[in-house]
Amino acid sequence: MKLYYKAGACSLSPHIALREAGIEFEMEAVDLQTKRTESGADFTQINAKGYIPALVLDNGKVLTEGAAIAQYIADLKPESGLAPANGSEARYQLQSWLSFISTELHKPMGSLFNPTQSEDWKAAAKTLLSKRLNWLVMEMGEREYLLGEHFTVADGYLFTVLGWAAPVGFSLEPWPSLQAYRARIAARPKVVEALKAEGLI
């Protein structure tokens, strides 16, 4: 398999999942401005949407959308515990978290990178994010991870999105439990491997 990625972007989530699952894979960086890959290929020929992540499977087919890719990886190695069993109530809880992160955190946080957004718009986005994080902290309570005591692909996704806070000027200081959560995940050996591979540490 080959993962097409951009360092620190949402592709970090499936990258972490691949390493946590112990799956062998290749990776190739993508310049999202030029749509060229590290080797000079036209990325739009790999993923016509033009954005990452994209995972080329061993059969040559391409899987896109981070939440789907992360679950696919988890299901390749169910013994990894990265996702509950398909059809279980816990699996639907995982999917609920992935949807929440994607729509309520990823989109507003990611859009703060856009230099053309007005200051009023950015302020509104930060207000929305604050409300969502308040709910998140309340919902998690004392749990170590989103689904309980075990790390799942949803945690890899949330870790990735929370990592954008500092670069976009959104302070996580009001949520010390989220800062501790992110530090806990950052210390996982496979997460460290992924961060090093992307040149982030």
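Everything numeric in this text was worked out from a predicted model, so none of it was measured. (Residues numbered from 1 in each chain as written. Predicted model: local features only at pLDDT ≥ 70, side-chain atom pairs only at ≥ 80, totals over all residues. Heavy atoms only, no water.)

## Quick notes on the packing of aromatic side chains
We apply this condition: Stacked, tilted and edge-to-face pairs are distinguished by plane angle, under 30 degrees for stacked and over 60 for edge-to-face with tilted covering the rest, among Phe, Tyr and Trp rings (Trp via its six-membered ring) whose centres lie within 6.5 Å. Secondary structure elements follow DSSP: runs of H or I of four or more residues count as helices, runs of E of two or more count as strands, with numbering from the N terminus. Only protein chains enter the calculation, and the probe is 1.4 Å; a residue is then buried if its accessible area is under 20% of its type maximum, exposed if over 50%, and partly exposed in between.
For the structure on display, the rule yields 7 aromatic pairs. Ring geometry for W97 against F100: centres 6.0 Å apart, planes inclined by 85 degrees, an arrangement best described as edge-to-face. Of this pair, W97 and F100 are both found in helix α3 (residues 89–111), 3 residues apart, which corresponds to roughly one turn of the helix. Here W97 matches F100 in class, with each residue buried. Seen from their ring centres, F113 and W164 are 6.2 Å apart, and the 75 degrees between their planes marks the pair as edge-to-face. On the criterion of sequence distance, the pair formed by F113 in the loop between α3 and α4 (119–140) and W164 in the loop between α5 (153–162) and α6 (176–186) is long-range, its members being 51 residues apart. Of the residues examined, W164 reaches a relative accessible area of 7% and is grouped as buried. Pairwise contacts between aromatic rings join W97, F100 and W135 into one cluster.

## Observations regarding the environment of V191
Under the convention used in this document: When checking whether two residues touch, look at their non-hydrogen atoms; a contact exists if any pair is within 4.5 Å.
Examined against the element boundaries, V191 turns out to sit in helix α7 (residues 189–197). Placed 178 residues apart in sequence, V191 and S13 show a C-alpha to C-alpha distance of 9.5 Å. Those residues in contact with V191, other than ones at most four positions away along the chain, are I16, E20, F159, I185 and A186.

## A word on the UniProt feature "domain: GST C-terminal" (unreviewed entry) in the protein
Let me state the cut-off plainly: UniProt positions are given in the numbering used here, feature names are shortened, and annotations may be inferred rather than shown by experiment.
UniProt's feature table lists "domain: GST C-terminal" (unreviewed entry) at residues 87–201, given in the numbering used throughout. Regarding residues 87–201, the helix share stands at 65% and the strand share at 0%, and the terminal C-alpha atoms are separated by 38 Å.

## Some remarks on unusual backbone geometry
With an omega of 5 degrees, the peptide bond running from I52 to P53 counts as cis. A positive phi angle is found at K35, which is not glycine, with a value near 65 degrees. The topology assignment puts K35 in the loop between β2 (26–31) and β3 (36–37). On the accessibility criterion, K35 (28% relative accessible area) is partly exposed. A positive phi angle, near 75 degrees, is found at E65, a position not held by glycine.

## Details of the side chain of D155
Going by this rule: His is not counted here, nor are the chain ends, while Lys and Arg score as positive and Asp and Glu score as negative. Only one rule defines a salt bridge in this text: a Lys or Arg side-chain nitrogen within 4 Å of an Asp or Glu carboxyl oxygen. N or O atoms closer than or at 3.5 Å make up a polar contact, with two conditions inside protein: a donor-capable atom paired with an acceptor-capable one, and, for residues adjacent in sequence, both atoms drawn from side chains.
By the element assignment, D155 lies in helix α5. For the buried D155, no salt bridge is present, and the opposite-charge side chain at shortest range is R184, 7.5 Å distant. Only 2.6 Å separates the side chain of D155 from the side chain of Y181, close enough to count as a polar contact. The residues contacting D155, other than those within four sequence positions of it, are Y145, L146, H150, Y181 and I185.

## Some remarks on the pairing of strand β1 (residues 2–5)
Remember that side chains alternate between the two faces of the sheet whenever the strand is regular. Quick note on the threshold: Here, any two strands with at least 2 DSSP bridges between them count as paired.
The alternating pattern of β1 places K2 and Y4 and L3 and Y5 on opposite faces, both of which are buried. Where β1 meets strand β4 (residues 54–56), 3 bridges bridge the pair, whose relative direction is antiparallel. Looking at the pairing, L3 lines up with L55 of β4.

## What about the domain arrangement of the protein?
As a reminder, the rule being used: Those domain boundaries reflect an automatic or database domain assignment. Basically, the charged four are Asp, Glu, Lys and Arg, the nonpolar ten are Ala, Val, Leu, Ile, Met, Phe, Trp, Tyr, Cys and Pro, and anything else, Gly included, counts as polar.
Once the domains are mapped, the protein shows domain 1 (2–80 + 191–198) and domain 2 (89–188). Placing a centre on the C-alpha atoms of domain 1 and another on those of domain 2 gives a separation of 21 Å. Each partner contributes residues to the interface: domain 1 has 16 residues there, and domain 2 has 16 residues. Linking domain 1 with domain 2 are 8 residue pairs in polar contact (both at pLDDT 80 or more). Going through the elements one at a time, α1 (12–21), α2 (66–76) and α7 are the ones with two or more residues in the side of domain 1 that touches domain 2. In terms of residue class, the side of domain 1 that touches domain 2 is made up of 11 nonpolar, 3 polar and 2 charged.

## A closer look at the nonpolar core
Definition in use: Buried Ala, Val, Leu, Ile, Met, Phe, Trp, Tyr and Cys residues that are joined via side-chain atoms within 4.5 Å together make up what is termed a nonpolar core.
Ranked by size, the top nonpolar core spans 62 residues in total, and within it L105, L133, L136, L146 and F170 carry the most contacts. Both domains that furnish three or more residues to this core are identified here as domain 1 (2–80 + 191–198) and domain 2 (89–188). Here F170 is in contact with M109, K126, L129, S130, L133, A165 and W175, once residues within four sequence places are set aside.

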